[in-house]
Amino acid sequence: MKIDTLLTRAGRDPARQNGAVNPPVYRYSTVVHPSMAALESAYENRFEEPPYGRFGTPTTTALEEAVAALEGGGRTIALPSGKAAVAVPLMATLGAGDHLLMIDTVYQPVRELCGVLLAGKGVETTYFDPMIGAGIADLIRPETRLVYMESPGSLTFEMPDVPAMAAAARARGVLSAHDNTWATPYYFKPFEHGVDISIISATKYICGHADAMLGLLTVPIDEYRRFKSVANMLGYCPGASEADLGLRGLRTLSVRLARHQEHGRRLAGWLAGRPEVQRVLYPALEDDPGHAIWRRDFAGASGLFSVVLRDYPKAAVAAMIDGYEHFAIGASFGGFESLVLPVSPEKYRSATNWAPGGPTLRFHAGLEDPDDLIADLERGFERLTASAERAAE
Ligand SMILES: *Cc1c(COP(=O)(O)O)cnc(C)c1O
């Protein structure tokens, strides 16, 4: 079955659902059992059949089955946010005295998790250059338990050599994890590139409508109990509606991502030709330094990229952004709508430097007509230069 077909089929079976096309949304806490013996066996079998709402429901199980099929291996755990999907593997694999190798361009809130929660547990984190590739082997110590990657780099879109790093980890018996929120398994398959643990914030492209928080963690089948137990100890379980919105999002992921990619490429290409712009950070552009690795490993690009402007004053950038009609100012991405966000990657680096010499903005290309989006960007540049000229007078 090809991937577009799989997205329409996975995790549903009308014959088991009274003929309904979609699995019903189960809302429950208590599951009742017909006898004491049944209760006992239900809890013994808790990793297969949820005996209580916190362990899961048929709705979360359907989502998990669909995502595991899309990932092409492993077993998926649905979680209440992307951040929970980051936290569970860190908490499950690392304890006192252990060492974590963390990519320097990680989604920045993860730094706090390492610096506060993990450090408090006695876990040491070493940040590494995203471009280190197979050189990661030199940083692996006897107490290293996990190599954590994300590609492209959060905010700055570098393309690390994931297969080389994953192979180096595996050769030393160390697990590797990859945050695949940007591409989703539709455009990048972590397991085909040697990664052990796949993390997705489904809040973004999977749910796709800026209306739900949801995380997905996919782990090797023989490691499932370890990770699921930690999720359960921490009390992480997604809401019924959110799990259902994740399933619904999967059905249209292929068409939405194709359109986000088309608009992303169009906007990024147009921006790259503008005199106000120093650099566009988007691996789908042919002259991007990460383009070769992106082409080698990825089947496509989503609609999220950054732009480094020339050195304009903050007030001029604010005049540009505040006046946008279609680019709302806000965090997150993957919904149907376009977004812009001023970002400061230099604040979230410790192993590498980021000094682009101009303000950096992250754009999300939504599903609006790209002609409208480009006209909006063009009017923004007029405000930017007018404001900068006034300031210079
Ligand atoms: C948003 C995001 C997360 C966190 O996901 P939430 O659903 O917001 O908790 C993790 N990783 C990446 C790359 C993200 O973009």
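So, a few notes on the structure that sits alongside this text.

Conventions used here
Residues numbered from 1 in each chain as written. Predicted model: local features only at pLDDT ≥ 70, side-chain atom pairs only at ≥ 80, totals over all residues. Heavy atoms only, no water. Pairing = 2+ DSSP bridges. Helix = DSSP H or I, 4+ residues; strand = E, 2+ residues; numbered from the N terminus. Contact = heavy atoms within 4.5 Å. Axes fitted to C-alpha atoms, helices over the stretch in contact; angles between N-to-C directions. Core = buried A, V, L, I, M, F, W, Y, C linked by side-chain atoms within 4.5 Å. Buried < 20%, exposed > 50% of the residue type's maximum accessible area, 1.4 Å probe, protein only. Near = heavy atom within 4 Å. Polar contact = N/O pair within 3.5 Å; in protein donor to acceptor, adjacent residues only side chain to side chain. Areas by Shrake-Rupley, 256 points an atom, 1.4 Å probe, with all protein chains shown as cover. Nonpolar A, V, L, I, M, F, W, Y, C, P; charged D, E, K, R; others polar.

## Let's talk about the sheet that holds strand β11 (residues 339-343)
Logical step 1: Reading across from one edge, β8-β9-β12-β11-β10 is the order of the five strands in this open sheet, with mixed pairing throughout. Every interior strand has two partners, whereas the edge strands, β8 (277-281) and β10 (328-329), have only one.
Logical step 2: Pairing analysis gives four bridges linking β8 to strand β9 (residues 304-309), with the strands arranged antiparallel. Opposite V280, over in β9, you have V307 as the bridge partner.
Logical step 3: Helix α11 (residues 314-322) contacts β9, β10, β11 and β12 (360-364) of the sheet and is inclined by roughly 10 degrees relative to β12.

## Here we look at the sheet that holds strand β6 (residues 197-201)
Logical step 1: Spatially, seven strands are ordered β1-β7-β6-β5-β4-β2-β3 in an open sheet, and the strand pairing comes out mixed. Each edge of the open sheet carries a strand with a single partner, namely β1 (75-79) and β3 (124-128). Between one strand axis and the next, the sheet turns by 20 degrees as a mean value, whatever way the strands run.
Logical step 2: Both strand β2 (residues 99-103) and β3 contribute to a ladder of five bridges, which runs parallel. Bridged to H99 within β3 is E124.
Logical step 3: Together, β2, β3, β4 (144-150) and β5 (175-179) form the strand contacts of helix α6 (residues 162-171), whose direction differs from that of β4 by roughly 170 degrees.
Logical step 4: Along the sheet face, helix α8 (residues 224-233) touches β1, β5, β6 and β7 (215-219) and points at about 5 degrees away from the line of β1.

## So, the nonpolar core
Logical step 1: In terms of nonpolar packing, the biggest core is built from 111 residues, with L90, L100, Y148, L217 and F363 touching the most fellow members.
Logical step 2: No other element matches helix α9 (residues 240-272), which puts eight residues into this core.
Logical step 3: Beyond its immediate stretch of four places on either side in the chain, Y148 contacts V86, L90, L100, L101, M102, I103, V106, V110, F128, A177, D179 and I199.

## Re the site of the ligand
Logical step 1: What surrounds the ligand is the set S81, G82, K83, Y107, E150, D179, T181, S201, T203, K204, M213 and F333.
Logical step 2: A distance of 2.6 Å separates an oxygen atom of the ligand from a polar side-chain atom of T203.
Logical step 3: Between the ligand and K204, the relevant distance is 2.7 Å, taken from an oxygen atom to a side-chain nitrogen or oxygen of the residue.
Logical step 4: In isolation the ligand has 380 Å² of accessible area, and contact with the protein removes 91% of it.
Logical step 5: Looking at the shell around the ligand, its residues break down into three nonpolar, five polar and four charged.

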